[in-house]
Amino acid sequence: MPDFALRAANITRTYGERRALDGFSLDVPTGGVFGLLGPNGSGKSTFIAMLAAMETPESGSLEVLGGPPSRALRGRVATVFQENTADPLMRAAEYLRFAGKLFGLSAVDLKTRIPELLARFGLGERARDPVSSLSGGMRRRLEVARALLHRPELLLLDEPTTGIDAEERAILWNTLRASAEKVTILLATNDLGEADSVCDAVAFIQSGRVVVAGTPAQLKAGLRRESVRITWPGVSSEQLARVTAWDGAGEVARDGDVVAVTTDDASTFVPRLFDLAPGEIRSVTIATASLEDAYFQHVQRRAGERVG
Amino acid sequence: MSGALVIASRDLMAVVRSRSQLYSSMFTPLLFLVFLGNGVSQGLEPSNLPDGNFTAYLVAGAVVMTSVFSSTFSSASYYRDRDSGLLRLLLSAPLHPRALLLGKSLAALVIGVIQAMVVLLVAAPFVDFEWQYGVIPGLLIAVAAIVLLNLMLTGLAQALASRIQTMQGFHLLMNLALFPLLFFSGAFFPIDGLPAWLRVLALANPLTYAVDALELAVYASSDATFIGLGIDFTILGTLAAATYLLGLSRTPKLTYSGS
């Protein structure tokens with residue numbers, strides 16, 4: 001088994017005038033869950049499509065499971081797409097049988113594998129139900145079960161939990177973790193909370209390139225201890241410049257009416273805020289620094305929106 | 001090949017479960033037979049039909065029309081699969097893209113041939129066919145003509161579907177292309193007595209040769225006034241092979257916007 005599930009070096013891909021991937025470089029070690037975090041349009045889906053050999057880079061090199069992406073390699077890779085792929089006219093078990101045959105599984109293997117996966121993902125009693133009758137969360141579970149059917153070595157999840165509630169999300173991740181111990185999982189998402197809770201390592205991407213990569217702990221290490229989110233309509237650039245200059249203030253980023261600041265000690269920082277802008281601040285939330293703070297630090301900095 | 005068969009069996013299952021497609025391709029041609037056939041036979045008494053009544057004559061045209069509808073509906077499954085997301089799964093599987101095209105075209109071919117034969121067999125007891133070569137040989141000739149016609153139409157529809165972005169555009173183009181061809185193919189009136197310019201157009205029309213072969217197989221009492229099976233099958237066979245290969249030539253692709 002290679003040390004790296006995938007290695008990408010300086011990949012570019014354009015669609016018309018738009019550069020979807022622009023010098024994209026990333027190494028993902030074998031095993032565990034690796035998060036690819038970025039805003040919509042940052043190139044996550046394009047990169048996933050390349051790993052599944054459904055798209056080709058214009059330049060750069062890409063290695064998946066020790067070789068170049070190819071049709072043959074697709075049998076060792078599985079993709080859960082943003083959209084459901086299950087045919088609504090099929091029954092749940094029928095869809096898995098169809099997908100299993102596409103990926104070359106034998107009828108004998110499918111006979112045991114399908115009930116096993118349906119049961120594991122809590123769909124055993126819905127095996128004969130039409131896909132169209134399943135709830136959104138059940139359909140996502142069916143998609144993940146389908147992806148695990150042919151025992152892939154690399155599982156590509158492209159925003160797999162979009163549109164499902166927190167309970168369904170927890171069920172899906174718990175089952176997935178238990179079912180895919182030996183699988184490398186690449187999770188493309190813009191849900192920073194989900195990434196923080198499930199990923200062993202992450203890369204922040206923006207405008208088609210990796211901005212920074214590391215474990216969540218490494219990425220949070222550079223931040224101050226606490227994160228303060230301030231709802232501050234009408235905040236001026238002069239006010240933000242003053243906040244940035246305070247002792248103990250770390251990264252200051254603004255997103256509309258919300259200002260995010262990392263600080264060593266929120267208990268001294270917050271009173272100074274109210275002194276600076278009496279009557280202007282609507283709310284203040286204090287939290288331990290999260291992956292979201294790290295994300296805003298790195299990604300917003302590249303977007304040129306960082307203050308100070 | 002096994003991948004193509006998996007896809008073909010799924011497409012056939014989808015047609016059977018989506019009943020509207022199963023019946024709609026045959027419904028309009030059967031309506032033509034019942035209303036137009038009887039209306040013209042009894043109301044207008046066309047004198048230039050060589051054999052039998054107009055309803056019997058119209059059967060061949062109804063069979064061709066069924067094949068036109070069927071190939072259009074079947075090839076539109078490409079758009080349904082794209083919109084439902086299934087196409088992503090198909091393209092991520094370790095299959096040659098041609099297996100996908102072959103599977104879809106096989107399903108379209110099977111459905112088209114079955115639907116066309118159903119129309120022929122439903123009509124047969126109610127109309128006065130001549131069966132000039134005998135019933136079994138006539139049926140075999142009809143099956144051969146229907147298979148070649150459906151190969152040709154499926155290839156054409158698939159070639160268009162792989163080049164046109166929207167289902168609406170695809171249906172529009174198929175209707176624009178195929179309906180005029182139906183009108184001067186001999187489907188609704190014999191081409192023998194047409195003005196010279198219209199007859200030239202009819203002879204340049206691929207559907208004419210399918211109608212002609214079907215009329216000769218079931219309706220006509222002699223080859224007089226028809227083109228002839230030799231020419232019909234030569235042209236149908238050549239066009240079927242060419243368009244079917246054209247249909248398999250361009251693999252479907254999903255467009256990534258770069259998100």
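Positions within a chain are numbered from 1, following the residues in the order the chain's sequence is written. Lettering for chains starts from A, numbering for ligands starts from 1, and both go in the order in which the items are written. Local features are withheld for residues below a pLDDT of 70 in this predicted model, meaning they are given only at 70 or higher, and side-chain atom pairs are given and counted only at 80 or more; totals for whole chains, interfaces and linings count all residues. Only hydrogens and water are removed before side-chain values are computed, so all heavy atoms of the structure are retained for them.

Visitor: Honestly, the overall build of chain A in this entry has me stumped. Any pointers?
Guide: Numbered from the N terminus, helices here are DSSP runs of H or I no shorter than four residues, and strands are runs of E no shorter than two. Counting secondary structure elements, chain A contains 10 helices and 14 strands. In this description, contact between two residues means that some pair of their heavy atoms is separated by no more than 4.5 Å. Of the contacts made within chain A by residues no fewer than 6 positions apart, 71% connect residues no fewer than 24 positions apart. Throughout, the Shrake-Rupley method with a 1.4 Å probe supplies accessible areas, and for residues the shown protein chains are the sole cover considered. About 13,100 Å² of surface is accessible on chain A, with carbon and sulfur atoms providing 48% of the total.

Visitor: Would you take a moment to explain the sheet that holds strand β1 (residues 4–15) of chain A for this structure?
Guide: Within a sheet, neighbouring strands are paired by backbone hydrogen bonds and run either parallel or antiparallel to one another. Residues and elements named next belong to chain A. As summarised here, the arrangement of the three strands in space is β2-β1-β4, forming an open sheet in which the pairing is antiparallel. Strand pairing shows two members of the sheet lacking a second neighbour, β2 (18–29) and β4 (59–64), which therefore form its edges. Strand-to-strand twist across the sheet, computed as the mean angle between neighbouring axes with direction ignored, equals 20 degrees. Criterion used throughout: strands pair if DSSP finds at least two bridges between them. As paired strands, β1 and β2 are joined by nine bridges and run antiparallel to one another. Across the sheet, the residue bridging to alanine 8 is leucine 26, located in β2. The angle between two axes is taken between their N-to-C directions and runs from 0 to 180 degrees, where each axis is a line fitted to C-alpha atoms and a helix contributes only its stretch in contact. Across the sheet, helix α1 (residues 44–51) is in contact with β1, β2 and β4; its angle to β1 comes to roughly 120 degrees.

Visitor: So what exactly am I meant to see when it comes to a nonpolar patch on the surface here?
Guide: Patch definition: residues above 30% relative accessible area lacking any salt bridge, with like charges linked at up to 9 Å and the nonpolar side chains Val, Leu, Ile, Met, Phe, Trp and Tyr linked at up to 5 Å. Any carboxyl oxygen of Asp or Glu that lies within 4 Å of a side-chain nitrogen of Lys or Arg is treated as forming a salt bridge with it. The grouping of Val110(B), Ile114(B), Val118(B), Val122(B) and Phe126(B) at the surface amounts to a nonpolar patch, some 450 Å² of accessible area in total. Examined against the element boundaries, Val110(B) turns out to sit in helix α6 (residues 97–123).

Visitor: I tried to follow the sheet that holds strand β9 (residues 209–214) of chain A on my own but got confused; where do I start?
Guide: Residue and element names in this part refer to chain A. Taken together, the six strands give an open sheet; going across it, the order is β5-β6-β7-β3-β8-β9, and neighbouring strands pair in mixed fashion. Two strands close off the open sheet at either side, each with one partner strand: β5 (77–80) and β9. Averaged over all pairs of adjacent strands, the angle between their axes in this sheet comes to 15 degrees, without regard to strand direction. Note: strand β6 (residues 154–158) against strand β7 (residues 184–189), five bridges, orientation parallel. When the sheet's bridge partners are listed, leucine 155 is paired in β7 with isoleucine 185. The strands that α1 touches are β3 (33–37), β5, β6, β7 and β8 (201–206); relative to β7, the one it contacts most, it runs at about 150 degrees. Across the sheet, helix α5 (residues 166–179) touches β3, β6 and β7, and the angle it forms with β6 is around 170 degrees.

Visitor: Explain the nonpolar core here, please?
Guide: A general trend in soluble globular proteins is that nonpolar side chains are found buried together. In these notes, a set of buried Ala, Val, Leu, Ile, Met, Phe, Trp, Tyr and Cys residues joined through side-chain atoms within 4.5 Å is what counts as a nonpolar core. Exposure categories follow from relative accessible area, calculated using a 1.4 Å probe and restricted to protein chains: below 20% of the type maximum is buried, above 50% is exposed, and the middle band is partly exposed. By size, the foremost hydrophobic cluster in this structure holds 163 residues, and its most contacted members are Phe47(A) and Phe204(A). Contact partners of Phe204(A), with chain neighbours within four places excluded, come to Leu37(A), Arg209(A), Val210(A), Val211(A), Val212(A), Leu219(A), Leu291(A), Ala294(A), Tyr295(A), His298(A) and Val299(A).

Visitor: Hey, could you run me through the interface of chain B and chain A in this one?
Guide: Between chain B and chain A, the contact holds 26 residues from the first and 32 residues from the second. The buried area of a pairing is the accessible area, by a 1.4 Å probe, that goes missing from both parts when the two are put together, added over both. Summed over both partners, the interface of chain B with chain A buries about 2,600 Å², with 63% contributed by carbon and sulfur atoms. Between the two partners, chain B and chain A, sit three salt bridges. For the purposes of these results, a polar contact is taken to be a pair of N or O atoms within 3.5 Å, where, inside protein, one atom must be able to donate a hydrogen and its partner to accept one; residues adjacent in sequence count only when each atom of the pair is a side-chain atom. On inspection of chain B and its partner chain A, the count reaches six residue pairs in polar contact (both at pLDDT 80 or more).

Visitor: Help me out: how do you make sense of the packing of helix α3 (residues 54–75) of chain B against helix α10 (residues 206–219) of chain B in this one?
Guide: Between two packed helices, what matters for the description is the angle formed by their axes and the separation of those axes. Residue and element names in this part refer to chain B. Look at α3 against α10: their axes get within 9 Å of each other, and the N-to-C directions meet at 135 degrees. Relative to α10, the element α3 lies oblique. Remark: the crossing between α3 and α10 carries right-handed chirality. On the side of α3, the interface is formed by Ala56, Tyr57, Ala60, Val63, Val64 and Val68, while α10 contributes Leu207, Ala210, Val211, Leu214, Glu215 and Tyr219. We call Asp, Glu, Lys and Arg charged. Ala, Val, Leu, Ile, Met, Phe, Trp, Tyr, Cys and Pro are nonpolar, and the rest, Gly among them, are polar. Across the contact of α3 with α10, the residue classes break down as 11 nonpolar, no polar and one charged. Relative orientations are named as follows: roughly parallel for angles under 35 degrees, roughly antiparallel for angles over 145 degrees, roughly perpendicular for angles from 65 to 115 degrees, and oblique for any other angle. Note on convention: the crossing is left-handed when the near helix lies turned anticlockwise from the far helix by less than a right angle, right-handed when the turn is clockwise.

Visitor: I keep staring at the packing of helix α2 (residues 92–102) of chain A against helix α1 (residues 2–17) of chain B and nothing clicks. Help me out?
Guide: Axis separation between α2(A) and α1(B) bottoms out at 10 Å; the angle between their running directions is 155 degrees. Taken together, α2(A) and α1(B) sit at an angle that is classed as roughly antiparallel. Crossing hand, α2(A) versus α1(B): left-handed. Of the residues in α1(B), those in contact with Glu94(A), Phe98(A), Lys101(A) and Leu102(A) of α2(A) are Val6(B), Ile7(B), Arg10(B), Met13(B) and Arg17(B). Tallied by class, the residues present in the contact of α2(A) with α1(B) amount to five nonpolar, no polar and four charged.

Visitor: Would you explain the side chain of Ser105(B) in this entry?
Guide: Residue and element names in this part refer to chain B. The topology assignment puts serine 105 in helix α6. Side-chain polar atoms of serine 105 contact the backbone oxygen of leucine 102, separated by 2.9 Å. Beyond its immediate stretch of four places on either side in the chain, serine 105 contacts Thr154, Gln158, Tyr244 and Leu248.

Visitor: What is the right way to look at the environment of Ala93(A) in this model?
Guide: With respect to the helices, strands and loops of the structure, Ala93(A) is situated in helix α2. If near-sequence neighbours (up to four positions away) are discounted, Ala93(A) is found in contact with Ile114(A), Leu118(A) and Ala127(A).

Visitor: Just checking my understanding: could you explain unusual backbone geometry for this structure?
Guide: The phi torsion of most residues other than glycine is negative, and most of the peptide bonds are trans. Residues and elements named next belong to chain A. Look at alanine 53: it is not a glycine, yet its phi comes out positive at around 60 degrees. Looking at where alanine 53 falls in the secondary structure, it is placed in the loop between α1 and β4. In this structure, glutamate 159 is a non-glycine residue whose phi angle is positive, near 45 degrees. Looking at where glutamate 159 falls in the secondary structure, it is placed in the loop between β6 and α5. Exposure remark for glutamate 159: the relative accessible area of 9% places this residue in the buried category.

Visitor: Even after reading the chapter, I still don't get the confidence of the model for chain A, so can you show me in this structure?
Guide: Atomic detail in the predicted coordinates should be set aside for any region of low pLDDT. Summary statistics for chain A give a mean pLDDT of 87 and a share of 95% for residues scoring 70 or more. Predicted confidence is poor over residues 303–308 of chain A, with pLDDT under 50, and the contacts of this stretch with residues over four places away or in other chains come to 12 contacts. The predictor's confidence in any single residue is recorded as pLDDT, a number from 0 to 100.

Visitor: Would you mind going over empty space enclosed by the protein with me for this structure?
Guide: A water-sized probe rolled over the atoms picks out the places where empty space is left. Each cavity reported here is a set of points on a 1 Å grid over the protein atoms alone in which a 1.4 Å probe fits but cannot get out, each pocket an open set with protein on both sides within 12 Å along at least five of seven lines, and each lining residue one with an atom within 4 Å of a point. Grid points are joined across faces, edges and corners, and a volume is the space filled by probe spheres set on the points. Tallied over the entire structure, the rule returns four cavities of 30 Å³ or more. Reported here for the largest cavity is a volume of approximately 100 Å³. Residue lining of the largest cavity: 11 residues in total, with Tyr78(B), Leu101(B), Lys104(B), Gln158(B) and Ala161(B) positioned closest to the centre. Taken together, the elements giving at least two residues each to the lining of the largest cavity come down to α3, α4 (77–84), α6 and α7 (135–161) of chain B. Sort the elements by how many residues they give to the lining of the largest cavity and α6(B) lands first, with three residues. Partitioned by chemical class, the residues of the lining of the largest cavity number five nonpolar, five polar and one charged. Here the second largest cavity defines a volume of roughly 70 Å³. As for the second largest cavity, its lining consists of 11 residues, of which Glu251(A), Ala260(A), Thr262(A), Asp293(A) and Phe296(A) are closest to the centre. Among the elements of the structure, β10 (226–231), β11 (249–255), β12 (258–263) and α10 (291–303) of chain A are those that each provide at least two residues to the lining of the second largest cavity. Taken together, the residues that form the lining of the second largest cavity break down as five nonpolar, three polar and three charged.

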